[in-house]
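Residues per chain are reported as follows:
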Amino acid sequence: MKANKSIWGVILAAVFVLGCGAVETWAQNSQETFYLRFTGLKNLKRGADGTLLKAVLKKPETTFVQKIFAQRLANEGVFSFFGTTPLDTLLDDEICALATGGESPSFVFAAKLGPQESQKRFDALRAARKGEGILTSEKGTVNREESWVLRDASGVSRAVAHGCGWLMYYTWKGDKVPQAIPTGLIHGSRAVPALGTNSLELRMDVDACRPFLGKLASLSQSVSSVKLLGWLQGENVQSRLWVDLKEEVKLTRNPWQFPTNIVIDPLVQLTALRGSGDLIQKSGWWEEVTKGEVEAPDQMYLFARNGTPFLTTLLAATPKPAEAVGKLGWGLTQWMTNSHPNMGYPPQLAVNTNVVELGWVGWPIVTPYLRAAKDGEKDYLMGGAILGYPKGTQLPPELWGAILKEEDTFLYSWEITGQRFPQLQVLNGLFKMIMRDAPAKVARKAKADMTPEELEAREEEANQRKIKNQRDEKVSNWLTSATDSLGNCVTLGRQTSSRQLYFERQSSCGLSALELWILGEWLMDR
């Protein structure tokens, strides 16, 4: 198994939603609550570095997927202050977003869309609210700068401006535009600091922005702030993430307990995590499944064999794996039954009395299992998608040694993204089929018995379904084509202080196989 030494898991769409929502975010003190800079896809393509990512961006299908990305954002109302039509060129060039709080709170989102697109958007926004606001036009300038300001009774002003190819939306509270708003962009001045060697920079006060994090809000309760940097280097993408916590944690208090005899090559993924016990124990899901009778594992190891996607295995270090097998097995069965009462393949639990093992039978292709496992004197709870485990060779000691190199390491994750992604696609499709509700028996009307309105509605439904299927197929084909050439992705997580976590990643495109799968699901609106 080869691994290049050395995260970023922030979903771009979630960042954009946050940027939109931060319009109404006023912090108590005059301070930055959100900051985002992105250099743009065109600038990424120009440089000599990041050859693997640039190969993906230059694929013909990427332009189509970029339009789907813009359409999804438009469907969710993101950037509605720029109009309702999709911003197809949003990612092409520079993006800047900034929110501040205090006595003079403000928010700005600026995108370099080009002179024609910026002018068209600006004119359309003014036409939609004709006669409102104050228009200011610069006379005798080549940039044709224009700004349009609307002020409400609460003292909050909202403005749209364009110039030098930039389109800006900004809002503030008070009599004057705060200096924090970089209005100089539309006049051709560099009103924001240059990114330097970075291609992406993000800073966020999580407490101030939590109302706009959606599904991520519940996962961020213990986080106070984050900072993310990304840049191109050689053929890869480098990422660094700092996470500041509200309370002290000690993720590295227990020494690593490596399953050196169970984890064997050839692999396409290996993830090792320690310090997870407290987080899992406090989760509502764990309490629901175990009824508080099973101690949450402090260390977990996920590994996937090369070839078939079903040889994906999870090991959890636990002192009493035999007890955990029975309680978790029955708890998971009950949870699946309660959460998916109408699933087409109800879970059927079978017990292997020869060993400490449970399995779910009656499902197509896979027979998920739980069993107690030993690696020397070390005890584990072991789970996977299919019974049986092919032979292989032990991993080189140097790999485990790399994890031990830094005492504060709590996470190590390596994968060959191009090989792991198609495995996730297969597993996702299979388990979606298994968990899907059984189709309801509905009498379908014959066309001869339908009214003209019903026929029209059925035809429209069929057309929309066809359009979505075609779109989803193109996204799926792009993901398959784009990930085929992606290589190593290595993520390292360290606890640098009692309240700070630090992640570094070296990857082909900035995202892991799992994150690419999440992106695909979002693009296909699943």
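Just so it is clear, the model here is predicted, and its values are computed rather than measured.

K.L.:
What should I look at first to understand the overall build of the protein chain in this one?
P.N.:
When helices and strands are counted, the protein chain shows 13 helices and 22 strands. On C-alpha atoms alone, the protein chain measures out to a radius of gyration of 26 Å, which is about the 24 Å that the 2.2 N^0.38 rule sets for 526 residues. Among the 526 residues that make up the protein chain, the fraction classed as buried is 49%. Carbon and sulfur atoms make up 54% of the accessible area of the protein chain, which amounts to about 26100 Å² in all. Taken as two groups, the 60 positive and 57 negative side-chain charges of the protein chain have centres that lie 3 Å from each other.

K.L.:
Help me out: how do you make sense of the pairing of strand β14 (residues 312–317) in this one?
P.N.:
Moving residue by residue along a regular strand, the side chains alternate between the two faces of the sheet. By the criterion of burial, β14 is predominantly enclosed, with five of the six residues buried. Pairing geometry for strand β13 (residues 299–305) and β14, over six bridges, is antiparallel. Bridge pairing in β14 links Phe303 to Thr313. Linking β13 back to β14 in an antiparallel pair, the connection comprises six residues, with Gly307 at a positive phi of about 100°. The sheet contact formed by β14 and strand β18 (residues 378–384) spans five bridges and is antiparallel. Counted as the bridge partner of Ala316 is Leu381 from β18.

K.L.:
Is there a simple way to think about the nonpolar core in this case?
P.N.:
Membership of the largest hydrophobic core comes to 68 residues, with the highest contact counts inside it found for Phe34, Phe79, Leu90, Phe109, Val243 and Leu523. Per-element accounting of this core gives the leading share, five residues, to helix α13 (residues 513–523).

K.L.:
Where do I start with the state of the cysteines in this structure?
P.N.:
By definition, a disulfide is the covalent link that joins the sulfur atoms of two cysteine residues. For the structure on display, the rule yields zero disulfides. The thiol of Cys96 is unpaired, and the distance to the nearest cysteine sulfur, on Cys209, comes to 15 Å.

K.L.:
Would you take a moment to explain the side chain of Thr271 for this structure?
P.N.:
Along the chain, the position of Thr271 falls in strand β12 (residues 267–274). Overall, the relative accessible area of 15% leaves Thr271 in the buried class. Of note is the side chain of Thr271, whose polar atom sits 3.3 Å from the side chain of Gln269. The contacts of Thr271, once residues within four sequence positions are left out, are Met300, Tyr301, Leu302, Leu411, Tyr412 and Ser413.

K.L.:
It is not clear to me how the packing of helix α4 (residues 60–75) against helix α12 (residues 452–483) should be interpreted in this structure. Could you clarify?
P.N.:
A pair of packed helices is characterised by two quantities: the angle between their axes and the separation of those axes. The contact between α4 and α12 brings their axes to 10 Å, and the two run at 130°. When the axes of α4 and α12 are compared, the pair comes out oblique. The element α4 and its partner α12 pack so that their crossing is left-handed. Touching Glu61, Thr62, Phe64, Val65 and Ile68 of α4 are Arg471, Lys474, Val475, Trp478 and Ser481, all from α12. Among the residues making up the contact of α4 with α12, the classes are represented as five nonpolar, two polar and three charged.

K.L.:
Got a minute to help me understand α4 in this structure?
P.N.:
Along an α-helix, residues three or four positions apart point the same way, because every turn accommodates 3.6 residues. When the terminal C-alpha atoms of α4 are compared, their 24 Å separation across 16 residues agrees well with the 22 Å that a helix rising 1.5 Å per residue should span. Looking at α4, one finds that the buried residues are Thr62, Val65, Gln66, Ile68, Phe69, Ala70, Arg72 and Leu73. Phi turns positive one or two residues past the end of α4, at Gly77, with a value near 80°.

K.L.:
Mind showing me how you'd approach unusual backbone geometry here?
P.N.:
One can expect most non-glycine residues to show negative phi and most peptide bonds to be in trans. The omega torsion across Asp265 and Pro266 is 0°, close enough to zero to call that bond cis. A positive phi is found at Phe79, a non-glycine position, where the angle reads about 60°. Locating Phe79 in the fold gives a position in the loop between α4 and β2 (95–100). Unusually for a residue other than glycine, Cys164 sits at a positive phi of about 55°. Counting through the fold element by element, Cys164 comes out in the loop between β6 (156–163) and β7 (166–173).

K.L.:
Is there a simple way to think about the pattern of salt bridges in this case?
P.N.:
Think of it this way: side chains of opposite charge can pair up when their charged atoms draw near. Within the structure shown, the criterion is met by 22 salt bridges. A salt bridge links Glu117 to Arg121, with the shortest nitrogen-to-oxygen separation between them at 2.9 Å. One end of the pair is Glu117 and the other is Arg121, both in helix α5 (residues 115–128) and four residues apart, which spans about a single turn. A single burial state applies to Glu117 and to Arg121, both of which are buried. Shared partners join several salt bridges into a network, and the residues in it are Glu32, Glu201 and Arg203.

K.L.:
Would you mind showing me how to read the pairing of β7 here?
P.N.:
Among the eight residues of β7, seven are classified as buried, and the element is accordingly described as predominantly covered. Relative to β7, strand β3 (residues 106–112) runs antiparallel, the two sharing seven bridges. Its bridge partner being in β7, Val108 is matched across the sheet by Tyr170. By the bridge criterion, eight bridges tie β6 to β7 in an arrangement that is antiparallel. The residue of β7 that forms the bridge with Gly163 is Trp166. Between the antiparallel neighbours β6 and β7 lie two residues, among them Cys164 with a positive phi of about 55°.

K.L.:
Can you help me understand a negative patch on the surface in this one?
P.N.:
Where like charges cluster on the molecular surface, the negative patch consists of Glu453, Glu456, Glu459 and Glu460. Within the fold, Glu460 resides in helix α12. With a relative accessible area of 40%, Glu460 lands in the partly exposed category.

K.L.:
I keep staring at the confidence of the model for the protein chain and nothing clicks. Help me out?
P.N.:
Interpretation of the predicted coordinates at a detailed level should be avoided for regions scoring low in pLDDT. In the predicted model, the protein chain carries a mean pLDDT of 85, and the fraction of residues at 70 or more is 92%. This stretch, residues 1–30, has a pLDDT under 50; its non-local contacts, to residues over four places away or in other chains, come to 104 contacts.

K.L.:
Looking at this structure, how should I read the environment of Ile434?
P.N.:
You can see Ile434 is positioned in helix α11 (residues 417–435). We classify Ile434 as buried; its relative accessible area is 0%. The sequence separation of Ile434 and Glu460 amounts to 26 residues, and the corresponding C-alpha distance is 29 Å. Excluding residues that lie within four positions of it along the chain, Ile434 makes contacts with Met343, Gly344, Tyr345, Trp363, Pro364 and Val366.

Thresholds applied
Residues numbered from 1 in each chain as written. Predicted model: local features only at pLDDT ≥ 70, side-chain atom pairs only at ≥ 80, totals over all residues. Heavy atoms only, no water. Helix = DSSP H or I, 4+ residues; strand = E, 2+ residues; numbered from the N terminus. Rg over C-alpha atoms; globule rule 2.2 N^0.38 Å. Buried < 20%, exposed > 50% of the residue type's maximum accessible area, 1.4 Å probe, protein only. Areas by Shrake-Rupley, 256 points an atom, 1.4 Å probe, with all protein chains shown as cover. Lys, Arg positive; Asp, Glu negative; His and termini not counted. Charge placed at Lys NZ, Arg CZ, Asp CG, Glu CD. Pairing = 2+ DSSP bridges. Core = buried A, V, L, I, M, F, W, Y, C linked by side-chain atoms within 4.5 Å. Disulfide = S-S within 2.5 Å. Polar contact = N/O pair within 3.5 Å; in protein donor to acceptor, adjacent residues only side chain to side chain. Contact = heavy atoms within 4.5 Å. Axes fitted to C-alpha atoms, helices over the stretch in contact; angles between N-to-C directions. Parallel < 35°, antiparallel > 145°, perpendicular 65-115°, else oblique. Left-handed = near helix turned anticlockwise from the far one by under 90°. Nonpolar A, V, L, I, M, F, W, Y, C, P; charged D, E, K, R; others polar. Expected span 1.5 Å × (residues − 1). Salt bridge = Lys/Arg side-chain N within 4 Å of Asp/Glu carboxyl O. Patch = residues over 30% accessible without salt bridge, like charges linked within 9 Å, V, L, I, M, F, W, Y side chains within 5 Å. pLDDT = per-residue confidence, 0-100.

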